[in-house]
Amino acid sequence: MKKDTEKYINDNIKAQTPPSLSKENIVKMLENDEHVPTLTKRKRQQTVYKFVAVAAAFAIVLSGTLIYRQRSIQKPKPSSHINEKNISISENENYDEIYSRLNAMKNAAVKENREAFFDKNIGYGTSADSALPESGAYLEGAVNGAAQDKNSFGTTNTQEENIDEGDIIKTDGKNIYLADRENKCVYVVKADSGKMQKLSEIAFSGNVHIQEMYLTGNTLAVVYSEYDYSKQPTSYNDTVTYDAVFRGGCCAVWVCSDTKINFYDVSAPEKATLISSFSQSGDFTSSRLRDGKIYLVSSYAVDLFAKDYKDTCIPETSVNGSKERVPANKITLVNGTQTPAYAVICTFDVQNAEKTDSSAIFGNPTNVYATEDSFYIAEERYDSEKCNSYLNILKFGFTENGVSYKARATAEGRLNDNLSMSEYGGYFRIATTCTETKQNGSGKDAIMTYLGETNKLYIFDSNMNQTGIIDSFAKDEQIRSARYIGDYAYVVTFRQTDPLFVINLSDPQNPKIEGELKLPGFSSYLHPVGGGMLVGVGDDGDENGTNGNMKVSLFSVSDPKNPKELSSVKVGNENNYVSSDVSYSYKSFVNLPNGEFAIPFSVEDYSRIYNRKYGKIYAINQIFIRYSVVNGAVTEVARYEVGNDTTTIQGGTYIGNYFYAYSTEFIDGNKSSDIIWQTKLTSFDMTSNSAVSEVDL
């Protein structure tokens, strides 16, 4: 329950909340509350959701009131076309310019009201960019089309070709590397024709959360967060708000954290050896691997109201425990960004296991996107003329050792995820959802009226000047998924039905919607499979909305004006409630040889009830379903049973003819503190579609 609750809160709670309503305390209260229903996992989740909704509502009312108050003070007018002078500190490493900027922020906060400043400035805590191939071909990079032989193996499902992304499961075709977040360790497992043997274990101690890993040759890079709970705020009131929220960079997560990366030599996988360890200030945001270098981004907030904020206002990095400040000439101040926080960007050479560059830029990063040519950071912030949020988009170019700031633009609305961003042919494209509001009155008497949802798609040139926009499409719906392929964008919005929009971007000055397909439910992930086709994974439904099941659809978009659903396969029935991690993370989508793919599902069965120590629950099956696309139809090939109601699928991969499912299973205790998490790896023969073996780690 704890894992499911935390995942829901992570995915859905974006507003800043007081410590008493933090996700940790919500989980703890719910687990210890004897009044929480225990009949089913789903009903327990629904109770959690209602409680979380109340907490979120409290936070939103609180922050909303503060937002409205500050609107009467200052109404920023984000412009999508920005010409500004980049302010960079001089080469003598003098931090005076930074101190001056931060001091101005502090004085403004004191003058305008501390609480208003808090909510005004802190935001919400496979190549898809190549032309579709001719009919019958597979899209190289989007679906792994490697021959199914003993030498082929799985890779992480990524957004862009030649840009790798971190994951919690990696393989080199001989060994599988698994990050166990519950037990704070990384396992190295030998995999040979479905037979498995644990070779070694890399253990972490303390308040650590493993974020992701990279595997390049004989070097394993593990990215993790380390938290200092001693600096967590203990109360929330008018007198300690600033001291609590900003202390040591706690703004986004209510605890203070550093983002760290360790490099290990795994040439002898029986004994992984630590090569070097690095750290950078702030909470983990995201990372990418390009051309042998890892670009790691964290968010570091400044405590403007500390006794001497100059002691903590500059982000730090460390090499094997030796700390130093980010040099002043590597910190960029951008006009229009007034957030007392930095995006800290460190670059690492994987082969040499060394840091090659560290830099920072003012802003609170929430999303990262990278291509072979450019690196983008999106900062989501409250307040605009028509939407209650907008985005600062910072563009960087790659240098020999790191990145360099190039330009900035803004776009109204919020991002669904990083798949809503794309660069192609020198143009940057971004799709957003805007919650439209109207303010009546000012100051404490301000009243905000909700006007509904709308969606936008912006196009910017290489200097981040806006060239085109599709404004206000799909009224009262919001973006649930997006994918870009060459000169086209495919955007799914949802209210009760699923409109799939086909948008022509070939003319950057005049983008236009060419086609639209409406279906029940919605696709929360779109995956190109070549031949002018897309696979959509998401919620099934009818004219009244979703029905608790899921479906995998195959869309034809070869005729942009007439998109079609060629076929679909449903998962679940009237007795089921079905979910999938693919709805939240596209890395859960497993590319298989010959254009096949596998998707994890959790299928709750209302027709069966189990008795467990913590109460009665409905039976749950955790499965991977393997699919193929043949003759214009998506077809289920096999089902691989992974576990039951105590199991959580973490990921999957393959080596040769064998599929490997990574999962964690909790062993019952009388209370949550007694639960033990057992990690396991299960193998399946993809020729006979039968289970081969299972190993506990």
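In this report, the structure presented in the accompanying data block is examined.

Reading the values: rules and limits
Per chain, residues are indexed from 1 in the order of the written sequence. Since the coordinates come from a predicted model, pLDDT governs what is reported: local features require at least 70, and pairs of side-chain atoms require 80 or more to be given and counted, while whole-chain, interface and lining totals use all residues. Only heavy atoms go into the side-chain values, all of them from the structure, while hydrogens and water stay out. We count a stretch as a helix when DSSP gives it H or I for four or more residues in a row; a strand needs E for two or more, and each element gets its number in order from the N terminus. Type-normalised accessible area, obtained with a 1.4 Å probe on protein chains alone, sets the label of each residue: buried when under 20%, exposed when over 50%, and partly exposed for intermediate values. Accessibility throughout is a Shrake-Rupley quantity obtained with a 1.4 Å probe, and a residue counts as covered only by protein chains that appear here. Salt bridge, as used here: a side-chain nitrogen of Lys or Arg that lies within 4 Å of a carboxyl oxygen of Asp or Glu. What makes two strands pair is DSSP finding at least two bridges between them. Axis definition: a line fit to C-alpha positions, over the contact stretch in the case of helices; interaxial angles, taken between N-to-C directions, run 0 to 180 degrees. Here the nonpolar core consists of buried residues drawn from Ala, Val, Leu, Ile, Met, Phe, Trp, Tyr and Cys, with membership extended through side-chain atoms lying within 4.5 Å. The contact rule is simple, with two residues in contact once any of their heavy atoms fall within 4.5 Å. What qualifies as a polar contact is a pair of N or O atoms within 3.5 Å, subject to a donor-acceptor requirement within protein and to the restriction that residues adjacent in sequence count only when both atoms come from side chains. Each pair of aromatic rings taken from Phe, Tyr and Trp, with Trp reduced to its six-membered ring, is defined by centres within 6.5 Å and is described as stacked if the planes are under 30 degrees apart, edge-to-face if over 60, and tilted in the remaining cases. Think of it as a cone above the ring: NZ of Lys or CZ of Arg counts as a charge over the ring if it is within 6 Å of the ring centre and within 35 degrees of the ring normal.

In this section: the overall build of the chain. For the chain, the helix and strand inventory stands at six helices and 42 strands. The 697 residues of the chain split such that 58% are buried. When the accessible area of the chain is evaluated, it comes to approximately 27,500 Å², of which 43% is carbon and sulfur surface.

With that settled, the discussion passes to the pattern of salt bridges. One pass over the full model with this rule turns up 18 salt bridges. Glutamate 694 is paired through a salt bridge with lysine 680; the nearest N and O atoms lie 3.9 Å apart. With glutamate 694 in strand E42 (residues 690–696) and lysine 680 in strand E41 (residues 676–685), the pair connects residues that are 14 residues apart, well separated along the chain. Owing to a relative accessible area of 6%, lysine 680 belongs among the buried residues under this scheme. Each of Glu412, Lys456 and Asp471 takes part in one network of salt bridges that share partners.

The subject of this paragraph is the pairing of E41. Along E41, eight of the ten residues are buried, which leaves the element largely enclosed by surrounding structure. Looking at chain direction, strand E40 (residues 658–667) and E41 are connected through ten bridges and run antiparallel. Bridging across to E41, phenylalanine 659 finds its partner in phenylalanine 684. Bridge analysis of E41 against E42 gives six bridges, and the strand direction is antiparallel. Looking at E42, one finds that leucine 681 is bridged to valine 695.

By the bridge criterion, five bridges tie strand E24 (residues 447–460) to strand E25 (residues 466–473) in an arrangement that is antiparallel. Note on E25: the bridge partner recorded for asparagine 455 is phenylalanine 473. The hairpin turn running from E24 into E25, its antiparallel successor, is five residues long, and methionine 464 in that turn takes a positive phi close to 65°.

Here four strands make up an open sheet; going across it, the order is E3-E4-E5-E6 and the pairing antiparallel. Single-partner strands in this sheet number two, and they are strand E3 (169–171) and strand E6 (195–203). On average, each strand axis in the sheet is inclined to that of its neighbour by 20°, with strand direction left out of account.

Ranked by internal contacts, the top residues of the largest apolar core, which has 34 residues, are Ile98, Leu102, Ile261, Phe263, Ile294, Ile331 and Tyr342. Elements that contribute at least two residues to this core include exactly helix H4 (96–112), strand E8 (219–228), strand E9 (256–265), strand E11 (283–290), strand E12 (293–301), strand E15 (331–334), strand E16 (341–349) and strand E17 (354–362). When sequence neighbours within four positions are dropped, the list of residues in contact with isoleucine 294 reads Tyr214, Ala221, Ile261, Phe263, Ser287, Arg288, Leu289, Cys346, Thr347, Phe348 and Val350. Counting residues in each nonpolar core, the second largest holds 32 residues, with Ile176, Tyr177, Tyr187 and Val208 among its members.

Turning our eyes to something else, we now look at the sheet that holds E41. The four strands are arranged E39-E40-E41-E42 in an open sheet whose pairing can be described as antiparallel. In this open sheet, the two edge strands, each paired with only one partner strand, are strand E39 (647–655) and E42. Ignoring which end each strand starts from, the neighbouring axes of this sheet average 25° apart. The pairing of E39 with E40 spans eight bridges and is antiparallel. Of the residues in E40, the one forming a bridge with isoleucine 655 is tyrosine 658.

Mapped onto the secondary structure, threonine 435 falls in strand E23 (residues 427–440). Among the residues examined, threonine 435 registers a relative accessible area of 9% and is labelled buried. There is a polar contact of 2.8 Å between the side chain of threonine 435 and the side chain of arginine 414. Each residue touching threonine 435, except ones within four places of it in the same chain, is listed here: Lys386, Cys387, Asn388, Arg414, Tyr450, Gly452 and Glu453.

Turning to the environment of glutamine 478, a few remarks are in order. Checked against the element boundaries, glutamine 478 lands in strand E26 (residues 478–485). Considering only alpha carbons, one finds glutamine 478 and asparagine 416, 62 residues apart in sequence, at a separation of 8.7 Å. With residues up to four places along the chain from it excluded, the contact list for glutamine 478 reads Arg414, Thr433, Asn455, Val492, Thr493 and Phe494.

A few words on the packing of aromatic side chains. As enumerated under the stated definition, the model contains 28 aromatic pairs in all. Summarising the aromatic geometry, the rings of tyrosine 295 and phenylalanine 375 are spaced 6.0 Å apart at their centres and angled 40° between planes, so their arrangement reads as tilted. One end of the pair, tyrosine 295, is in strand E12; the other, phenylalanine 375, is in strand E19 (residues 374–382), with 80 residues separating them in the sequence. Classification of tyrosine 295 by relative accessible area gives buried; the value is 1%. In this structure an aromatic cluster arises from ring pairing among Tyr295, Phe375, Phe396, Phe398 and Tyr405. The ring of tyrosine 95 has arginine 325 lying over it, and the distance from NZ or CZ to the ring centre is 5.4 Å. Directly above the ring of phenylalanine 522 sits arginine 480, whose terminal nitrogen or CZ lies 4.5 Å from the centroid.

It is worth spelling out the side chain of threonine 432 at this point. Tracing the backbone shows threonine 432 in strand E23. A distance of 2.7 Å separates a polar side-chain atom of threonine 432 from the backbone oxygen of glutamate 412. Other than its neighbours up to four places away in sequence, threonine 432 contacts Leu391, Glu412, Gly413, Arg414, Thr454, Asn455, Lys456, Tyr458 and Ile479.

Our next topic: the environment of aspartate 228. Following the sequence through the fold, aspartate 228 ends up in strand E8. Overall, the relative accessible area of 31% leaves aspartate 228 in the partly exposed class.

Backbone geometry at alanine 474 places phi at a positive 55°, although glycine is not the residue there. Positionally, alanine 474 belongs in the loop between E25 and E26. Although it is not a glycine, asparagine 631 adopts a positive phi angle of roughly 50°. Looking at asparagine 631, the relative accessible area reads 79%, which means it is exposed.

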